[in-house]
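Chain by chain, the residues:
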Amino acid sequence: MDKDTRNAIERATQRARKLLEEDFAAQLEGDFDVHKGGAVAAKAGGHLSARQAFQRERIVAAIEHKRATGMSAADAARDYLRDAAFTTLNRFVALKMLEARDLVQECITKGEQSAGYREFCGMAPGLPLLPDSAGYRLYIESLFDELSTEVKVLFDRRDPSSVLWPKRATFEQLLEILNAAELARVWGEDETIGWVYQFFNGKEERAAMRDVKQGGSQAPRNSRELAVRNQFFTPRYVVQFLTDNTLGRIWYEMRGTKTAVADRCEYMVCKPSEEFAPRAKKDPRDLRVLDPACGSGHFLLYAFDLLLAIYEEAHADPESPKSQATGKTLAEDYPSVDALRKAVPGLVLAHNLHGVDIDPRCAQIAQLALWMRAQRAYRDFGIGRGERAQIRRSNIVVAEPLVADDQTAKEFVAKLGDAELGRVFTSLVESLDLAGDMGLLLRVEKLVKATKKQGELFAPPEERIRAALDRFVREEASATNTRRRLFADDAAHGVALLGVAEMKFDTVLMNPPFGSGSIRAKKDFEKAYPRTKNDVYAAFVERGIELLSSRGRVGAITSRTGFFLSSFQEWREEVLLAQAPPAVFADLGVGVLDSAMVETAAYCLERLA
């Protein structure tokens, strides 16, 4: 995507954010007595209808939930406002992208004259007569509900950030921004949603976070600052270089170099007459790829493309091994290529790709991007919408603390009905306190395992906690439902983060944060990573190596300072050379990561057997 196009997306994103935040701030203050400065009226005003009073309860619950993580009242209110604006914008950007891929009927390109809405009104002729475009809103929300069956994180209207809806004038201006001619060709590009994510936080906002004179800090003060400061788009060629020389190289070696995947991996480094140690074959469903700081999912999207080819090659191989997941080979589970193609997009998302990030907004973007990529695969295979299996699972995890009042936590543990499982869950709550600041750098698997006497960590299966969470929320009265659902969402992410931390991966790919970690986590971070505490990126590489299986590969783009500064000597000697020596190295220099003033290197490490 060229610079002029990116600039057009940036202008549109900033205009849309300003428009939505001004509208929503007015609604919060005027309708719900929730002020941007953090003041919240103790009770709902008498002017509110029963529906509005319920909406206010959801908003207040979300703000209180943020405050329980340590945010000030003002920061919590502003963060809710950002969440609402971001989610709203992302949903309409997503609809534009889905229109371009024929995954939904025309729904917003022509506003209330869109073909989908006209057809919808044919079934309910009274809709256009409702005041303030309420009929059109009903139609759009019905699309959200349909899409939420597969893309739950972004389109789930139960999320408190979904309460607010733009006023009619705002909505019309938003559609005008999105339907501008200069953006016409961006909606078919997979990168677009990632650029919207990056540009939502403007350059001035990021700069202000670092400017001490403007109240900023040299080190990030919290998880949001850490996330925003490190939003740098990874160029496609870097993504390919790192993925080709990790996942691609591993498959190349598993196939004894006899693989068509090598032709797809144009950046794979193979030296003339190079010899390599034999690598045992795996069923593709047993290949695991992780991005521990996944952002909008660029590494995972390219890995998806390679995995499609890997699955087809393994399916045709009479010597392909059985899967650990099913005990059968791909050909046994899917007797024909057509049967495989109907299943493989869902298999890749369920078994192969894993992503973690500290920014909840990343979960929205990455999950949507992967779902759209799966739909494109179906289309390319010639599989119609009616024949496509629903994508019910993608392994994108938000690393965040589990917030609940003591009573809520006690009630939930009691409902688990298993004392040992309750102790593990209680330990998980305590261990996740810094998850929002450290992400997967937090060795949550060790913190929780310390409380387990013996045997497997989850002797009762992890699904029991998930089932208990769903039941816990369903059984609650509507007055407390939002608080309980927020608790359940946090707990589900905590269990998922623990699940990722306990796994071993064939490939870890990343463009990790660099510089200082958050002030809040400084003490724990330095204690956990004494050899790499001088820069977060070095700790991410150390952690990535820990999460590899034998002879697994890490692919990373980071600052190149670690390869020559004396302060990184322990990292070079005790982490890289002793555990995972470099296999491929490219010194890229400056100007690679958008506006980041950092000299970079891209390299692949292979863990010793």
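Residues numbered from 1 in each chain as written. Predicted model: local features only at pLDDT ≥ 70, side-chain atom pairs only at ≥ 80, totals over all residues. Heavy atoms only, no water.

## So, the overall build of the protein
- Within the protein one finds 25 helices and 7 strands.
- The proportion of buried residues among the 609 residues of the protein is 56%.
- Of the roughly 26000 Å² of accessible surface on the protein, 51% is carried by carbon and sulfur atoms. (Helix = DSSP H or I, 4+ residues; strand = E, 2+ residues; numbered from the N terminus. Buried < 20%, exposed > 50% of the residue type's maximum accessible area, 1.4 Å probe, protein only. Areas by Shrake-Rupley, 256 points an atom, 1.4 Å probe, with all protein chains shown as cover.)

## Structural notes on the packing of helix H3 (residues 73-100) against helix H16 (residues 360-380)
- For the pair H3 and H16, interaxial distance at closest approach is 10 Å and the crossing angle is 10°. One element, H3, and the other, H16, form an angle in the roughly parallel class. In this structure, H3 uses Asp79, Arg82, Asp83, Phe86, Thr87, Asn90, Ala94, Met97 and Leu98 to contact H16, whose residues at the interface are Arg361, Gln364, Ile365, Leu368, Trp371 and Met372.
- Considered class by class, the residues forming the contact of H3 with H16 number 8 nonpolar, 3 polar and 4 charged. (Axes fitted to C-alpha atoms, helices over the stretch in contact; angles between N-to-C directions. Parallel < 35°, antiparallel > 145°, perpendicular 65-115°, else oblique. Contact = heavy atoms within 4.5 Å. Nonpolar A, V, L, I, M, F, W, Y, C, P; charged D, E, K, R; others polar.)

## A few points about the environment of Ser550
- Residue position: Ser550 is located in strand E5 (residues 548-559).
- Exposure remark for Ser550: the relative accessible area of 48% places this residue in the partly exposed category.
- As for Ser550 and Asp506, which are separated by 44 residues in sequence, their C-alpha atoms are 8.0 Å apart.
- With residues near it in sequence (within four places) discarded, Ser550 still touches Leu608 and Ala609.

## Describing helix H13 (residues 298-315)
- For H13, with 18 residues, the first-to-last C-alpha span of 26 Å sits near the 26 Å given by 1.5 Å per residue.
- Most of H13 sits out of view: 17 of its 18 residues are buried. (Expected span 1.5 Å × (residues − 1).)

## Observations concerning the environment of Gly589
- With respect to the helices and strands, Gly589 occurs in strand E6 (residues 582-589).
- We classify Gly589 as buried; its relative accessible area is 12%.
- Considering only alpha carbons, one finds Gly589 and Thr600, 11 residues apart in sequence, at a separation of 5.1 Å.
- In this structure Gly589 touches Arg560, Val598, Glu599 and Thr600, once residues within four positions along its chain are discounted.

## Overview of empty space enclosed by the protein
- Taken as a whole and judged by the stated rule, the model has 6 cavities of 30 Å³ or more.
- Each pocket or cavity is described by its volume, and for the second largest cavity that value is around 60 Å³.
- Around the second largest cavity, the lining residues are Ile9, Ala12, Thr13, Ala16, Leu89, Val93, Leu178, Leu183, Val186, Trp187, Thr192 and Val196.
- Put simply, the parts of the chain that give the lining of the second largest cavity at least two residues each are helix H1 (3-32), H3 and helix H8 (192-200).
- No other element matches H1, which puts 4 residues into the lining of the second largest cavity.
- When the residues that make up the lining of the second largest cavity are grouped by side-chain class, the tally is 10 nonpolar, 2 polar and no charged. (1 Å grid on protein atoms, 1.4 Å probe; cavity = no way out; pocket = protein on both sides within 12 Å on 5 of 7 lines; lining within 4 Å. Points joined across faces, edges and corners; volume = space filled by probe spheres on them.)

## What about the pattern of salt bridges?
- Overall, the coordinates contain 51 salt bridges when judged by the stated rule.
- Measuring nitrogen to oxygen at the nearest pair gives 3.3 Å for the salt bridge that ties Arg520 to Asp433. Taken together, the residues span a long stretch of sequence, with Arg520 in the loop between strand E4 (505-510) and helix H23 (522-528) and Asp433 in the loop between helix H18 (419-431) and helix H19 (435-438) at a distance of 87 residues.
- Look at Arg520 and you get partly exposed, because its relative accessible area is 38%.
- Bridged by salt links that share partners, the residues Arg249, Glu253, Glu274, Arg279, Arg551, Arg553 and Glu606 form one connected network. (Salt bridge = Lys/Arg side-chain N within 4 Å of Asp/Glu carboxyl O.)

## What to know about H3
- A rise of 1.5 Å per residue sets the reference length of H3, with its 28 residues, at 40 Å; its end C-alpha atoms lie 41 Å apart and thus fit the reference within 8%.
- Burial analysis of H3 places 25 of its 28 residues in the buried class, the great majority of the element.
- One or two positions beyond H3, positive phi appears at Asp102, with a value near 60°.

## Notes on the confidence of the model for the protein
- Across the protein, pLDDT averages 87, with 89% of residues at or above 70.
- Segment residues 452-461: pLDDT under 50, and 15 contacts once partners within four positions in sequence are set aside and those in other chains are kept. (pLDDT = per-residue confidence, 0-100.)

## Remarks on the layout of surface pockets
- When its volume is computed, the second largest pocket comes out at roughly 500 Å³.
- If you go around the second largest pocket, you meet 22 residues; those closest to its centre are Gln27, Arg137, Trp165, Pro166 and Lys167.
- Residue assignment for the lining of the second largest pocket shows that the elements contributing at least two residues are H1, helix H2 (50-67), helix H5 (134-147) and helix H7 (168-178).
- A total of 4 residues in the lining of the second largest pocket trace back to one element, the largest contributor, which is H5.

## Quick word on the side chain of Ser133
- Mapped onto the elements, Ser133 comes out in the loop between helix H4 (115-123) and H5.
- Ser133 gets classed as buried once you look at its relative accessible area, which sits at 12%.
- Of the polar contacts made by the side chain of Ser133, one reaches the side chain of Arg168; its length is 3.2 Å.
- Ignoring sequence-local partners within four residues, the contact set of Ser133 consists of Glu112 and Arg168. (Polar contact = N/O pair within 3.5 Å; in protein donor to acceptor, adjacent residues only side chain to side chain.)

## Section: the side chain of Arg255
- Following the sequence through the fold, Arg255 ends up in the loop between helix H11 (236-254) and helix H12 (261-264).
- Each residue touching Arg255, except ones within four places of it in the same chain, is listed here: Lys281, Glu313 and Asp317.

## So, the packing of aromatic side chains
- For the coordinates displayed, the defined rule picks out 24 aromatic pairs.
- Aromatic pair Trp165 and Phe171: ring centres 5.9 Å apart, planes at 35°, arrangement tilted.
- A relative accessible area of 7% means that Phe171 is categorised as buried.
- Both rings, one in Phe525 and one in Tyr529, keep their centres 5.7 Å apart while their planes meet at 35°; by these two values the pair is tilted. (Phe/Tyr/Trp six-rings, centres within 6.5 Å; stacked < 30°, edge-to-face > 60°.)

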